[in-house]
Amino acid sequence: MINNRVSLKCLNLSDSALDEFAANNIVCLTGNLGFPNLPVGLPALSALHVTYHTAVLAASDGGTQLIAARNEARAALETALRQNAAYVQSIAGQNLALLLTSGYKAASTNRTPTPLATPVILNVDNQSTSRLFVDLGETTHAAACQVKATTLAGVVVATVESTRSRKIEVPGTVPGTMYTLQGRGIGGSTGYSDWSLPTTIMST
């Protein structure tokens, strides 16, 4: 029987992607009867996440003290996520379906280095003002996804990361402006997949 391990690649995510991962992890563990005795309970985990989320937003404009506070909050959150990951693995090491309900991913059992497949942009939703939402196709084995938006002149105006492949938000677009979007997976033996074929759309 395969003994699955919980992947800790989430701890290597960017600040914004880790923020999103932690939020999803809390949602997945809330009311989850498979993991009744988390080492770091949901109230404590939620408090650590709120502190980190607030620190990430505050540090976005820079400043030594704010960045230090963000790093301290991240370290505390990472410790909690690591402790709960070990518990989830101890409960669901031989039950992959249960493991995945926790919000954590399973570490790959394939020891052969494999490059990630190039994703495809399935849909772009431009119905929200100054925001685009990108749906990527299957990103098997990717730890996260990345989407970049460029102007028709080739200027990169946004690069965002997400632990999800659907509804990846690209904020701050200018209504009436055309943007070219591309997505790629993060992980695999090469670190990143190739960029998807470009999709061009006007922001509303």
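Asks: Just checking my understanding: could you explain the nonpolar core for this structure?
Replies: Within the largest apolar cluster, 29 residues are counted, with the highest numbers of intra-cluster contacts made by Leu13, Phe35, Leu45, Leu77, Leu81 and Tyr104. Broken down by secondary-structure element, the contributors of at least two residues to this core are helix H1 (15–29), helix H2 (42–58) and helix H3 (64–92). Ranked by residues supplied to this core, first place goes to H3 with eight residues. Sequence-distant contacts of Leu45, that is, excluding residues within four places in its chain, are made with Asn25, Ile26, Val40, Leu77, Ala80, Leu81 and Asn84. Within the second largest apolar cluster, 15 residues are counted, among which are Val134, Cys145, Tyr179 and Ile201.

Asks: What's the story with the pattern of salt bridges in this structure? I'm lost.
Replies: It is possible for side chains of opposite charge to pair when their charged atoms get near one another. In this structure the tally under the stated criterion is six salt bridges. For the salt bridge of Arg164 with Glu20, the shortest nitrogen-to-oxygen distance reads 2.9 Å. With Arg164 in the loop between strand E4 (156–162) and strand E5 (168–171) and Glu20 in helix H1, the pair connects residues that are 144 residues apart, well separated along the chain. Of the charged contacts, one joins Glu169 and Arg131 as a salt bridge, the two residues approaching to 3.6 Å between their closest N and O atoms. Of the two residues, Glu169 sits in strand E5 while Arg131 sits in strand E2 (residues 131–136), which places them 38 residues apart along the sequence. For Arg131, a relative accessible area of 33% puts it in the partly exposed group. Here the salt bridges share partners, and the residues they tie into one network are Asp15, Arg70, Arg74 and Glu78.

Asks: Would you explain H3 in this entry?
Replies: Given 3.6 residues per turn, any residue in an α-helix points the same way as the ones three and four places further on. Helix length check: H3, at 29 residues, gives a terminal C-alpha distance of 41 Å against a target of 42 Å (1.5 Å per residue), a fit within 8%. Those residues of H3 that fall on the buried side of the exposure criterion are Arg70, Ala73, Arg74, Leu77, Glu78, Ala80, Leu81, Asn84, Ala85, Tyr87, Val88 and Ala92. Looking at the buried residues of H3, the elements they touch are H1, H2 and helix H4 (96–100).

Asks: Honestly, the sheet that holds strand E1 (residues 121–125) in this entry has me stumped. Any pointers?
Replies: For sheets, the rule is that strands pair by backbone hydrogen bonds, running either parallel or antiparallel. Read from one edge of the open sheet, three strands run E1-E2-E5, paired in antiparallel fashion. Edge positions in the sheet fall to E1 and E5, since each has one partner strand and no second. Each adjacent strand pair in this sheet contributes to an overall mean axis angle of 25°, direction not counted. Bridge count between E1 and E2: four bridges; the pairing is antiparallel. When the bridges of E2 are listed, Ile121 appears paired with Leu136.

Asks: Quick question: what am I supposed to make of unusual backbone geometry here?
Replies: Trans is the common state for peptide bonds, and a negative phi is the common state for residues other than glycine. For Ser130, which is not glycine, the phi dihedral falls at a positive 65°. Relative to the helices and strands, Ser130 resides in the loop between E1 and E2. Positioned with a positive phi, Lys167 is a non-glycine residue whose angle comes to about 55°. You can see Lys167 is positioned in the loop between E4 and E5. A relative accessible area of 42% places Lys167 in the partly exposed class.

Reading guide: rules and limits
- Residues numbered from 1 in each chain as written.
- Predicted model: local features only at pLDDT ≥ 70, side-chain atom pairs only at ≥ 80, totals over all residues.
- Heavy atoms only, no water.
- Core = buried A, V, L, I, M, F, W, Y, C linked by side-chain atoms within 4.5 Å.
- Buried < 20%, exposed > 50% of the residue type's maximum accessible area, 1.4 Å probe, protein only.
- Helix = DSSP H or I, 4+ residues; strand = E, 2+ residues; numbered from the N terminus.
- Contact = heavy atoms within 4.5 Å.
- Salt bridge = Lys/Arg side-chain N within 4 Å of Asp/Glu carboxyl O.
- Expected span 1.5 Å × (residues − 1).
- Pairing = 2+ DSSP bridges.
- Axes fitted to C-alpha atoms, helices over the stretch in contact; angles between N-to-C directions.

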